[in-house]
Amino acid sequence: MSQPDTHVWPVEPVSPVTHRARQADPRGHWFLVVVAMLLMTFALVLHGYATNDVGETHAAPAGPASSPDLDRVHRGGPVVNTTGQGPSSLRMPARTVALTFDDGPDPLWTPRLLDVLKRHGAKATFFAVGARVAENPDLARRIIDEGHELGNHTYAHADLTGVPAWRLSMEVSLTQKVIAGATGVHTRLVRPPYSSTPDSVTSAQWHALRALGADGYVVALTDLDTKDWSRPGTGQIVRAGTPTRGRGAIVMLHDSGGDRSQTVEAVDQLLSRLRWQGYRAVTLTEGLGLGSAYVPAGTLDQVIGTGLSVAQRASTAFAGSLTWILTAAGVLTLARLLFFLVLAWAHVRRVRGGRRRVGRAPPWPSPPPVSVIVPAYNEAAGIEAAVLSLVTTGYRGEVEVIVVDDGSTDDTAARAAALGLPGVRVIRQQNGGKPSALNTGIAYAAHDLVIMVDGDTVFQPDTIGHLIAPLSDPNVGAVSGNTKVGNRRGLLGRWQHIEYVIGFNLDRRAFDLLGCMPTVPGAIGAFRRAALQSVGGLSVDTLAEDTDLTMAICRRGWRVVYEEKALAWTEAPTSLRQLWRQRYRWCYGTLQAMWKHRRAMAERGTFGRRGLGYLALFQVVLPLLAPVVDVMALYSVLMGDPLPVVAVWAGFVVVQALTGWYALRLDKERARVLWALPLQQFVYRQLMYLVVIQSLATALLGTRLPWQTIRREGIFSS
């Protein structure tokens, strides 16, 4: 060690920063985020309603088995009128059949059925589900244009026996509007879902039929229910749909809801058989002589129907796309975890493999001299502990410690100088920012190996020796150490501890093998002076000076490696507000560095396509999708079956826990901290993706973010 040198050297900053008035962080984008979330929620709810996932209906209890009115329905025909004193009904005349198709229109099966009907010169009635009309308005128009008939089959195929009056009214009203938007007309015909023949009507269904009749609808049940939805076979469908003894009949079939190939073939055979038997196939109103089923729709209903149709199609496309996107994101996330686990295992085998380990740096002939630079701004709480840990090192070579006080407003410089420690130099400069302070330290450093350490970080006695060991390889330009959270008590501290071990240190093992280390952390990093000189020192272009510097060194062709044994203990934020400020600066600075070094994507070497590609995908794109995941999960829990969501979440937590256990094991840490991992999904994770959104908005709007300082507790001072 050299003799004590604790004089405070006043200097001007090497790279002065012109300070601007602090600009307010952008906030307008949060309004857009909220609007986007609301629109997404609306789209999901609309899609869920159309598919009967939201507001799923169930049949009501049957109620009294009979009543005078219900008995008349049971004995009557399939077309029921409930507007009089009691129910009346109509039947199809002899040798007349009305084929009816429920649940469509379907883009695959409805056109095929229309082609069959056209080939036979037959007409039919289609009881359409409103959501399907909204998705296929062209098919609704084709049905009417080809002389067929449209009826109302509710919007979401709801069981009307299990819904309140307002829901019943809404189901048929929404269907009327989308039919109006597609065709310009309303229909007077309705068929309740899950209905069949008159003799099967329950008391609950009778109440629904009366409500529909009160709204002016003609209710159409059926004479012959083919049950083609169960795919009983073409022959069985034909037999079930053939009237006997020349009687007229309404025949129930389906043109949607699954594979309807048997129905298409059966209709072709049935029409041939009916023609041979002298039947005519007509629309329901034509067969009963009721006149047109349609009334012109008003302009407002047509506009509303068109808008609903557009919204329905958009929500369906959005939900489908979202499913694929989130599935891909989940697969990528799992693949990344597994891939990085394999790389971490390979890295451990390489660095712990004994004498013949692959990639082992040759040992130094003798311990080389080292300069340690400590940039400090208002670090009075922890600077003494940091400097003491550097001086009381077990490293046998010369260690020069340079504390650069960057215009602190507290007594940081005085405390460092008052220690009176050998080999410690304190330099005070006007405030110019951390990169300026580091450049000042580099300029004053006497040695070719330079270690940079934050003023709130302490080293272990063996840290320096381990940290500079890889620099014996002349191809290595920088070494990342292993940063540990010192204040890991409390839930927030444990969350950060887990993140440092799994999210940072495990990743750095993989980056080492892949040759694309994006960041040597400011808390602990060693550099070859030649590597620093090759990139012109530290730049003030970004707030993430450590990431910017590392990327520049990688682009110059230097290797950047990770040394797991070089431990540094840092003080992590102790409040969510402080954590937000820290991560906001990190994320914003990383985005700046990525943009600055974007041309690396087209350069030869491993860093650009691997490192920047990884950061863009896993640190920007996927976090932006995280709010969507949360909204979909919440939607599924509240509106649908929560078990699949819980199962997927539990599966991811298990995989993360196993990954965390392995990462903790590699770092020789206790695994009991993993109890906090599931809780991390409910606050910490949301904070991290909100930081990405805020940072991206700040970057896109061109707002200059000032240095974000956090309050230090001085946990290593005692």
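What counts, and at which threshold
All residue numbers here refer to positions counted from 1 along the written sequence of the relevant chain. Thresholds applied to this predicted model are a pLDDT of at least 70 for local features of residues and 80 or more for the giving and counting of side-chain atom pairs; totals over whole chains, interfaces and linings are not thresholded and use all residues. Think of the side-chain values as coming from all heavy atoms in the structure, minus any hydrogens and water. Put simply, a patch holds well-exposed residues, over 30% relative accessible area, that have no salt bridge, with like charges counted together within 9 Å and Val, Leu, Ile, Met, Phe, Trp or Tyr side chains within 5 Å. For the area figures, the Shrake-Rupley method with a 1.4 Å probe applies, and any residue is considered shielded solely by the protein chains shown. Should a side-chain nitrogen of Lys or Arg be within 4 Å of a carboxyl oxygen of Asp or Glu, the pair is scored as a salt bridge. Relative accessibility decides the category of a residue: with a 1.4 Å probe and only protein chains considered, values under 20% of the type maximum give buried, values over 50% give exposed, and everything between is partly exposed. Put simply, DSSP marks the helices as runs of H or I at least four residues long and the strands as runs of E at least two long, and each gets a number from the N terminus on. Any two strands between which DSSP finds at least two bridges are classified as paired. Pairs were defined over the aromatic rings of Phe, Tyr and Trp, the Trp ring being its six-membered one, requiring ring centres within 6.5 Å. Orientation was assigned from the angle between planes: stacked under 30 degrees, edge-to-face over 60, tilted for the rest. Whether a charge sits over a ring depends on NZ of Lys or CZ of Arg being within 6 Å of the ring centre and within 35 degrees of the ring normal. Convention adopted: a line fitted to C-alpha atoms gives each axis, helices being fitted over their contacting stretch, and angles between N-to-C directions are expressed from 0 to 180 degrees. The cut-offs work like this: below 35 degrees is roughly parallel, past 145 is roughly antiparallel, 65 to 115 is roughly perpendicular, and the gaps in between are oblique. Residue contacts follow a heavy-atom distance rule, with two residues in contact if any of their heavy atoms lie within 4.5 Å. Under this grouping Gly is polar, as are all residues other than the nonpolar Ala, Val, Leu, Ile, Met, Phe, Trp, Tyr, Cys and Pro and the charged Asp, Glu, Lys and Arg. Expected span, for any helix, means 1.5 Å times one less than how many residues it has. Helix crossings get a hand from a simple test, with the near helix turned counterclockwise from the far one by less than a right angle marking a left-handed crossing and a clockwise turn marking a right-handed one. Throughout this description, the term nonpolar core refers to a set of buried Ala, Val, Leu, Ile, Met, Phe, Trp, Tyr and Cys residues connected via side-chain atoms within 4.5 Å. Whenever two N or O atoms come within 3.5 Å, that pair is a polar contact, provided that in protein one can donate a hydrogen and the other can accept it, and provided that, for residues adjacent in sequence, both atoms are side-chain atoms. Cysteine sulfur atoms that come within 2.5 Å of each other are treated as a disulfide pair. A residue's pLDDT is the predictor's confidence in that residue, given on a scale from 0 to 100.

Draft legend 1. Spatial organisation of a nonpolar patch on the surface. On the surface, Leu491, Leu576, Trp649, Trp675, Leu679, Phe682 and Val683 cluster together into a nonpolar patch covering about 660 Å² of accessible area. The class for Phe682 is exposed, based on a relative accessible area of 54%.

Draft legend 2. Here's a closer look at the pairing of strand β21 (residues 559-570). Extensive coverage of β21 is indicated by the burial of 9 of its 12 residues. Strand direction decides the pairing type here: strand β18 (residues 457-459) and β21, joined by 3 bridges, are antiparallel. Note that in β21 the partner of Val458 across the bridge is Trp569. Bridging between strand β19 (residues 476-485) and β21 involves 8 bridges; their strand directions are parallel. Paired with Ala478 across the two strands is Val560, which belongs to β21.

Draft legend 3. Focus on the packing of aromatic side chains. On inspection of all chains with the given rule, the structure shows 12 aromatic pairs. Seen from their ring centres, Tyr49 and Tyr155 are 6.0 Å apart, and the 25° between their planes marks the pair as stacked. Placement of the pair is Tyr49 in helix α1 (residues 28-50) and Tyr155 in the loop between β6 (149-152) and α6 (165-183), with a sequence separation of 106 residues. Overall, Tyr49 belongs to the buried group, its relative accessible area being 11%. When the centroid spacing of 5.1 Å and the interplanar angle of 35° are considered together, the rings of Tyr614 and Phe618 count as tilted. With Tyr614 and Phe618 both in helix α20 (residues 607-639), this residue pair falls 4 residues apart, about one helical turn. An aromatic cluster is defined as three or more aromatic residues linked by ring pairs; in this entry it consists of Phe339, Phe340, Phe511, Tyr614 and Phe618. The ring of Phe618 carries Arg336 above its face, with NZ or CZ at 5.9 Å from the centroid. Between Arg598 and the ring centre of Trp595, over which it is positioned, the NZ or CZ distance is 4.0 Å.

Draft legend 4. Highlighting the packing of helix α16 (residues 490-514) against helix α21 (residues 642-666). Where α16 meets α21, the closest approach of the two axes is 9 Å, and the angle between their N-to-C directions is 75°. Judged by the angle between their axes, α16 and α21 are roughly perpendicular. Contacts from His497, Val501, Ile502, Leu506 and Arg509 of α16 reach α21 at Gln656, Thr659, Gly660, Ala663, Leu664 and Leu666. Of the residues contributing to the contact of α16 with α21, the split by class is 6 nonpolar, 4 polar and 1 charged.

Draft legend 5. A look at α1. The terminal C-alpha atoms of α1, which comprises 23 residues, lie 33 Å apart, in line with the 33 Å expected from a rise of 1.5 Å per residue. Every buried residue belonging to α1 is among His29, Met40, Ala43, Leu44, Leu46, Gly48, Tyr49 and Ala50, and all of these are buried. Contacts from the buried residues of α1 go to α4 (130-135), α6, α11 (299-351), α20 and α22 (684-700).

Draft legend 6. Fine view of the packing of helix α19 (residues 576-596) against α22. Contact geometry of α19 with α22 gives a least axis separation of 9 Å together with a crossing angle of 45°. It follows from the interaxial angle that α19 and α22 lie oblique. With respect to the hand of their crossing, α19 and α22 are arranged in right-handed fashion. Residues Leu576, Leu579, Trp580, Arg583, Tyr584, Cys587, Tyr588 and Leu591 of α19 lie in contact with α22, whose contacting residues are Tyr684, Leu687, Met688, Leu690, Val691, Val692, Gln694, Ser695, Leu696, Thr698 and Ala699. Of the residues belonging to the contact of α19 with α22, the class tally is 15 nonpolar, 3 polar and 1 charged.

Draft legend 7. Representation of the nonpolar core in the model. Core analysis: the biggest nonpolar cluster contains 41 residues, and Met452, Phe527, Leu532 and Ile553 have the highest contact counts within it. Among the elements that take part in this core, α20 stands out by supplying 7 residues, more than any other. Those residues in contact with Leu532, other than ones at most four positions away along the chain, are Ile442, Val450, Met452, Phe527, Gly537, Leu549 and Ile553. Counting residues in hydrophobic clusters, the runner-up holds 40 residues, among them Ala128, Ala131, Ala266 and Tyr279.

Draft legend 8. The arrangement of the side chain of Thr283 in detail. Relative to the helices and strands, Thr283 resides in the loop between β12 (280-281) and α10 (284-288). In this structure the side chain of Thr283 is engaged in a polar contact, spanning 3.3 Å, whose partner is the backbone nitrogen of Glu286. Ignoring sequence-local partners within four residues, the contact set of Thr283 consists of Ala98, Lys123, Ala124, Thr125, Gly147, His148 and Glu149.

Draft legend 9. Expanded view of unusual backbone geometry. The linkage connecting Gly104 with the following residue, Pro105, adopts the cis geometry, with an omega of 0°. Its location among the elements puts Pro105 in the loop between β4 (96-102) and α3 (109-120). A positive phi angle is found at His157, which is not glycine, with a value near 55°. Locating His157 in the fold gives a position in the loop between β6 and α6. Although it is not a glycine, Tyr194 sits at a positive phi angle of roughly 65°. Locating Tyr194 in the fold gives a position in the loop between β8 (189-190) and α7 (203-214).

Draft legend 10. Up close: α22. Given a rise of 1.5 Å per residue, 17 residues ought to cover 24 Å, and the 25 Å separating the end C-alpha atoms of α22 matches this to within 8%. Counting buried positions over the 17 residues of α22 gives 12, a clear majority of the element. Residues of α22 that are buried include every one of Tyr684, Gln686, Leu687, Met688, Tyr689, Val691, Val692, Ile693, Gln694, Ser695, Ala697 and Thr698, and no others. Here the buried face of α22 lies against α1, α16, α19 and α20. Gly702, located one to two residues past α22, shows a positive phi value of around 75°.

Draft legend 11. Looking closely at the state of the cysteines. Taken as a whole and judged by the stated rule, the model has 0 disulfides. In this model Cys554 remains outside any disulfide bridge; the closest cysteine sulfur is found in Cys516, 7.9 Å from its own. The exposure class assigned to Cys554 is buried, which follows from its relative accessible area of 11%.

Draft legend 12. Highlighting the pattern of salt bridges. Scanning the entire structure with this criterion turns up 31 salt bridges. Among the charged side chains, a network of salt bridges with common partners joins Arg352, Lys484, Arg488, Arg509, Glu564, Asp667 and Glu669.

Draft legend 13. The confidence of the model for the protein chain, seen in detail. Mean pLDDT over the protein chain stands at 89; residues scoring 70 or higher make up 92%. Within the model, pLDDT remains below 50 along residues 1-7, and this stretch shows 21 contacts once partners closer than five positions in the same chain are excluded. Of the regions scoring below 50 in pLDDT, residues 12-21 engages in 19 contacts with residues more than four places distant in sequence or in other chains.

Draft legend 14. Just the pairing of strand β17 (residues 449-452), in detail. Residues of β17 alternate between two faces, with Leu449 and Ile451 on one and Val450 and Met452 on the opposite face, all of them buried. Of the pairings in the sheet, the one linking strand β14 (residues 370-376) to β17 comprises 4 bridges and is parallel in character. Looking at β17, one finds that Ile373 is bridged to Met452.

Draft legend 15. Layout of the environment of Ser539. Assignment of secondary structure puts Ser539 in the loop between α17 (529-534) and α18 (545-555). The spatial distance from the C-alpha of Ser539 to the C-alpha of Asn439 is 8.8 Å, given a sequence separation of 100 residues. Side chain to side chain, Ser539 and Asp541 meet in a polar contact 2.9 Å long. Among the polar contacts listed, one links the side chain of Ser539 to the side chain of Lys596, at a separation of 3.1 Å.

Draft legend 16. Broad picture of the environment of Arg247. The topology assignment puts Arg247 in the loop between α8 (234-240) and β11 (249-254). Along the primary structure Arg247 and Gln302 are separated by 55 residues, whereas in three dimensions their C-alpha atoms are 40 Å apart. Not counting residues within four places of it along the chain, the set of residues in contact with Arg247 comprises Ala94, Arg95 and Tyr279.

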